[in-house]
Amino acid sequence: MLIFQWFSALMSKRRCLFSRGLHVGKQFSYPSSEDIVFGAICVNLRHRRWKFMEQVSLSLTNALVSRVVREFQNSPRLALEFYNWVGEKKRFSHSLESCCALIHVLVKSRRFDDALSLLENLMRVNGMTPLEVLDGLVDSYEFCDSCPAVFDALVRACTNCGSVEGAYAVIKKLRMESHFVSIHAWNNFLSHLLKFNEIGRFWNMYKEMISYGYIQNVNTFNLVVYALCKECKLLEAISKFYQMLKSGIWPNVVTFNMIIDGACRMREIELALKLVGKMGVMSGNSVSPNSVTYNTIINGFCKLGKVAFVEDILNDMVKAVVEPNVTTYATLIDGYARGGCLEEALRLCNEMVERGLMPNTVVYNSILHWLYLEGDMEGASLVLSDMIDKHVFPDQFTYSTLIKGLCRNGHVMQAFKFHSRFLEKNVIEDTFSHNILIDYLCKSNNLSGAMQLLGSMFIHGLIPDLVTYGALIDGYCKEGKVENAVQIYEKMAKVKKEPNMVIYNSILNGFCKEMSVDVASRMTDSLKSMGLPDAITYNTLISGYCGCGNIEEAFALFLEMKMERRLVNRVTYNTLINFLCKRGCIQQAKELMKRMVLQGLLPDFITYTMLITCSAKNCSPDEVIELHDYMVLKGVIPDKQTYQAIVGPLLGEENEETKV
DNA sequence: TTAGGGTTAG
């Protein structure tokens with residue numbers, strides 16, 4: 001069907017060309033000076049005699065440039081060189097027609113990158129809309145004896161320029177004119193939607209594409225698998241895999257890697273490993289794990305905090321003769337640093353250099369992040385200097401890591417100064433840096449400052465996202481100004497941003513803090529009816545009940561959490577233990593801590609501080625020491641200050657600093 | 001077309 005439509009479209013174009021040909025023919029019947037210049041250019045261009053061509057450069061016209069470009073359609077490199085040479089002439093500026101002529105030539109000769117960069121320039125530099133470019137291409141289509149791939153190239157150029165709307169407008173307009181872009185262009189468009197997490201739109205567009213009768217290829221199926229994995233629908237992704245096989249489409253390593261990554265992200269690492277093991281069998285021995293597969297598994301283990309397991313994976317890589325690459329090291333370095341082994345991470349940096357792999361921006365960013373988190377400002381500065389020395393270019397991650405690092409270590413003025421400098425240099429492209437500073441201001445009760453920064457975002461063309469709105473809503477709620485929070489919420493709703501659980505939980509917390517626990521309770525009920533509440537929702541409400549002394553409701557909710565799903569976590573216990581301690585109920589608090597341990601949840605320094613402080617007030621010294629010993633034996637790391645102030649002296653320690 | 005790093009809630 002598609003071929004037929006293309007054929008009929010071409011036929012109608014040919015008729016159009018026929019009448020145009022008559023018109024052009026009239027011109028040709030009179031020898032013109034243009035013909036002479038054209039001839040001279042062609043002869044000299046073939047031998048790249050640029051100096052000679054300078055002599056005729058004053059006679060150049062756009063029509064002539066297009067004509068030369070078309071003449072050299074079988075020597076696309078020369079056509080491009082000529083076009084660029086003309087473009088350098090000060091008095092000359094290329095027309096859309098000559099540019100399109102060259103694009104057709106480049107696409108026909110499969111020089112897609114050159115064609116793409118011309119198309120992108122038309123939109124980025126010349127400010128043309130995708131549909132204007134499309135008109136240019138359509139007008140010159142037949143004249144240049146082009147191929148349909150030129151429209152695919154335009155769709156790709158649109159997505160490269162970040163214009164999803166433009167890409168869709170091009171597809172739609174071509175369709176209205178009975179033209180069809182190929183499945184490749186659709187795949188490119190669809191993958192762009194996934195890249196920006198527009199999953200809902202992805203499914204709509206996918207359905208639209210199917211309704212036009214396109215035959216899906218392996219890449220299309222991969223995109224569907226990818227979308228399902230992004231939606232955490234792992235089983236559906238696997239069933240799509242079998243559907244692929246049934247439709248006679250053979251999966252490739254990308255299909256497997258996407259499912260394996262999906263499994264890892266859903267903490268199903270065992271399943272991910274099984275898939276790696278069965279890749280050969282499941283693909284009729286056509287596919288085997290590659291570096292992406294291994295890196296995905298390594299990342300899975302690192303994110304689960306199981307760095308110890310990566311050793312086996314690295315051994316598997318050696319057996320499979322798959323060389324670790326920069327991504328492998330970047331994943332390992334971040335994994336070790338995340339697990340508290342920054343030393344090992346730094347050793348791996350050296351190791352990768354010894355193996356001839358240069359640390360890239362990702363590696364530097366990761367090291368910077370963890371150094372700042374450890375409070376090692378000096379180390380972070382050294383890493384930044386090294387980055388500059390080695391010409392490793394910073395990116396959006398670097399900027400936000402730096403801003404956050406400075407804020408979290410108390411160098412707020414410096415953070416703001418850097419941020420202003422980045423804005424002046426126009427290098428800030430995403431919302432992260434603003435979000436970090438807005439959040440900082442909100443947490444410092446400087447809501448007016450935060451609102452100013454929100455204004456600055458708009459001035460710099462940055463669209464606030466859910467994190468921006470979430471930070472502001474939370475800030476107002478914590479200040480007890482729920483009404484202002486609601487205003488922000490409404491602003492957000494106006495720009496069609498759907499609230500997420502972070503925002504719902506912030507508002508819920510706002511109600512709890514202003515003692516409107518009954519409102520919070522009703523809000524939780526409606527969230528329940530939508531199946532939305534998470535552990536934070538319940539913990540917030542429990543904290544609200546505790547705040548107004550309603551212990552019965554707090555424990556009833558605690559039981560509900562235990563019954564319904566495995567939602568109870570360390571914060572749940574800490575909230576209840578804190579309440580019991582404040583009421584002086586140390587025995588019940590200790591009991592609850594023991595239940596926490598039995599449930600496999602390790603108390604943290606907060607649990608430790610609450611219980612030790614409370615028992616010091618209500619129990620004998622022996623009981624305090626006994627409680628300390630119990631927790632330490634269970635693996636709790638004591639809070640240093642609490643230990644030094646209470647437990648150390650009870651043990652008769654003089655210099656507690658050295659003992660903890 | 002797939003893998004690595006930064007922001008928000010209890």
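Rules used throughout
All residue numbers refer to position in the chain's written sequence, counted from 1. Numbering of ligands from 1 and lettering of chains from A proceed in the order in which they are written. Residues qualify for local features only when their pLDDT is at least 70, as the model is predicted, and side-chain atom pairs are given and counted only at 80 or more; totals for whole chains, interfaces and linings, by contrast, use all residues. In this description a helix means any DSSP run of H or I spanning at least four residues, a strand means any run of E spanning at least two, and both kinds are numbered starting from the N terminus. As a reference, a globule follows 2.2 Å times the number of residues to the power 0.38, and the radius of gyration itself is taken over C-alpha atoms. In this scheme the burial state of a residue depends on its C-beta neighbours within 10 Å: 20 or more other such atoms mean buried, 12 or fewer mean exposed, and anything in between means partly exposed; the C-beta positions come from the backbone. For every residue pair, C-beta atoms are placed from the backbone, and the pair is scored as a contact if these atoms sit within 7 Å. Segmentation of the chain into domains, including their bounds, is taken from an automatic or database domain assignment. Fitting a line to C-alpha atoms yields each axis, with helices limited to the stretch in contact; the angle taken between N-to-C directions then spans 0 to 180 degrees. Note on angle classes: values under 35 degrees are labelled roughly parallel, values over 145 roughly antiparallel, values of 65 to 115 roughly perpendicular, and the remainder oblique. The crossing is said to be left-handed when, going from far helix to near helix, the turn is anticlockwise and less than a right angle, and right-handed when the turn is clockwise. Three residue categories are used. Nonpolar comprises Ala, Val, Leu, Ile, Met, Phe, Trp, Tyr, Cys and Pro, charged comprises Asp, Glu, Lys and Arg, and polar comprises the others, including Gly. Any nonpolar core is a set of buried residues, restricted to Ala, Val, Leu, Ile, Met, Phe, Trp, Tyr and Cys, that join up through C-beta atoms within 7 Å. Multiplying 1.5 Å by the residue count of a helix minus one yields the expected span of that helix. One confidence number per residue, pLDDT, is output by the predictor and ranges from 0 to 100.

Looking at the overall build of chain A
Here's step 1: Regarding its fold elements, chain A presents 38 helices and zero strands.
Here's step 2: Scaling as 2.2 N^0.38, a compact globule of 660 residues should have a C-alpha radius of gyration of about 26 Å, whereas chain A reaches 32 Å, well beyond that.
Here's step 3: Overall, the C-alpha framework of chain A stretches about 115 × 60 × 55 Å when taken along its three principal axes.
Here's step 4: Across the 660 residues that make up chain A, the buried fraction comes to 37%.
Here's step 5: Pairs at least 24 apart in sequence give 61% of the contacts found in chain A among residues at least 6 apart.

Topic: the domain arrangement of chain A
Here's step 1: If you check the domain split of chain A, you get domain 1 (230-323) and domain 2 (588-660).
Here's step 2: Each of domain 1 and domain 2 was reduced to a C-alpha centroid, and the two centroids are 44 Å apart.

Quick look at the packing of helix 34 (residues 586-598) against helix 35 (residues 605-618)
Here's step 1: The N-to-C vectors of helix 34 and helix 35 enclose an angle of 150 degrees; their axes lie 10 Å apart at closest approach. Considering the angle they form, helix 34 stands roughly antiparallel to helix 35. Between helix 34 and helix 35 lies a crossing whose hand is left-handed. From helix 34, Ile586, Ala589, Lys590 and Met593 reach across to helix 35, where they touch Thr607, Leu611, Cys614, Ser615 and Asn618.
Here's step 2: By residue class, the composition of the contact of helix 34 with helix 35 is five nonpolar, three polar and one charged.

Remarks on unusual backbone geometry
The phi angle of most residues is negative, glycine excepted, and most peptide bonds adopt the trans form.
Here's step 1: Within the chain, Val321 stands out as a residue other than glycine whose phi angle is a positive 50 degrees.
Here's step 2: Phi at Asn445 takes a positive value of approximately 60 degrees, unusual for a residue other than glycine.
Here's step 3: Following the sequence through the fold, Asn445 ends up in the loop between helix 25 (432-443) and helix 26 (447-459).
Here's step 4: Here Asn445 falls in the exposed class, since 12 other C-beta atoms lie within 10 Å of it.

Regarding the nonpolar core
Here's step 1: Core analysis: the biggest nonpolar cluster contains 98 residues, and Leu102, Ile103 and Leu154 have the highest contact counts within it.
Here's step 2: Among the nonpolar cores identified, the runner-up in size contains 70 residues, and Ala471, Leu557, Ile612 and Leu627 belong to it.

So, helix 33 (residues 570-582)
For an α-helix the count is 3.6 residues per turn, leaving residues at separations of three or four pointing the same way.
Here's step 1: The terminal C-alpha atoms of helix 33 lie 18 Å apart, and with 13 residues this matches the ideal 18 Å at 1.5 Å per residue to within 8%.
Here's step 2: Residues Thr572, Tyr573, Asn574, Thr575, Leu576, Ile577, Phe579, Leu580 and Cys581 constitute the buried set of helix 33.
Here's step 3: One or two steps after helix 33, the chain reaches Gly584, where phi turns positive at roughly 80 degrees.

Remarks on the packing of helix 36 (residues 621-633) against helix 37 (residues 640-650)
Here's step 1: Between helix 36 and helix 37, whose axes approach to 9 Å, the crossing angle comes to 115 degrees. Put simply, helix 36 runs roughly perpendicular to helix 37. Here helix 36 and helix 37 pass one another in a crossing that is left-handed. Counted together, Pro621, Val624, Ile625 and His628 of helix 36 and Ile646, Val647 and Leu650 of helix 37 form the full contact between these two elements.
Here's step 2: The residue makeup of the contact of helix 36 with helix 37, split by class, is six nonpolar, one polar and no charged.

Observations regarding the environment of Asp113
Here's step 1: Turning to its location among the elements, Asp113 is positioned in helix 7 (residues 112-124).
Here's step 2: Assessed through the 10 C-beta atoms surrounding it within 10 Å, Asp113 is described here as exposed.

Some details on helix 27 (residues 466-478)
Here's step 1: Here helix 27 spans 18 Å end to end across 13 residues, near enough to the 18 Å set by a 1.5 Å rise per residue.
Here's step 2: Here helix 27 lies mainly inside the structure; 10 of its 13 residues are buried.
Here's step 3: Of all the positions in helix 27, only Thr468, Tyr469, Gly470, Ala471, Leu472, Ile473, Asp474, Gly475, Tyr476 and Cys477 are classed as buried.
Here's step 4: Packed against the buried residues of helix 27 are helix 25, helix 26, helix 28 (482-494) and helix 29 (501-513).
Here's step 5: With its phi angle positive at about 80 degrees, Gly480 sits one or two positions after the end of helix 27.

Structural notes on the confidence of the model for chain A
Here's step 1: Of the residues in chain A, 94% reach a pLDDT of 70 or more, and the chain-wide mean stands at 89.
Here's step 2: Confidence drops under a pLDDT of 50 for residues 1-28, and excluding neighbours within four residues, the segment shows 16 contacts in the predicted structure.

Some thoughts on the environment of Met596
Here's step 1: Residue position: Met596 is located in helix 34.
Here's step 2: What makes Met596 buried here is the crowd of 22 C-beta atoms within 10 Å.
Here's step 3: Remark: the alpha-carbon pair of Met596 and Asn574, spanning 22 residues in sequence, is separated by 9.5 Å.
Here's step 4: The residues touching Met596, leaving out its near neighbours within four places in the chain, are Tyr573, Leu601 and Pro603.

Remarks on the environment of Gly39
Here's step 1: Tracing the chain through its elements places Gly39 in helix 2 (residues 33-46).
Here's step 2: Taking the C-alpha atoms as reference, Gly39 lies 71 Å from Cys341; in sequence the two are 302 residues apart.

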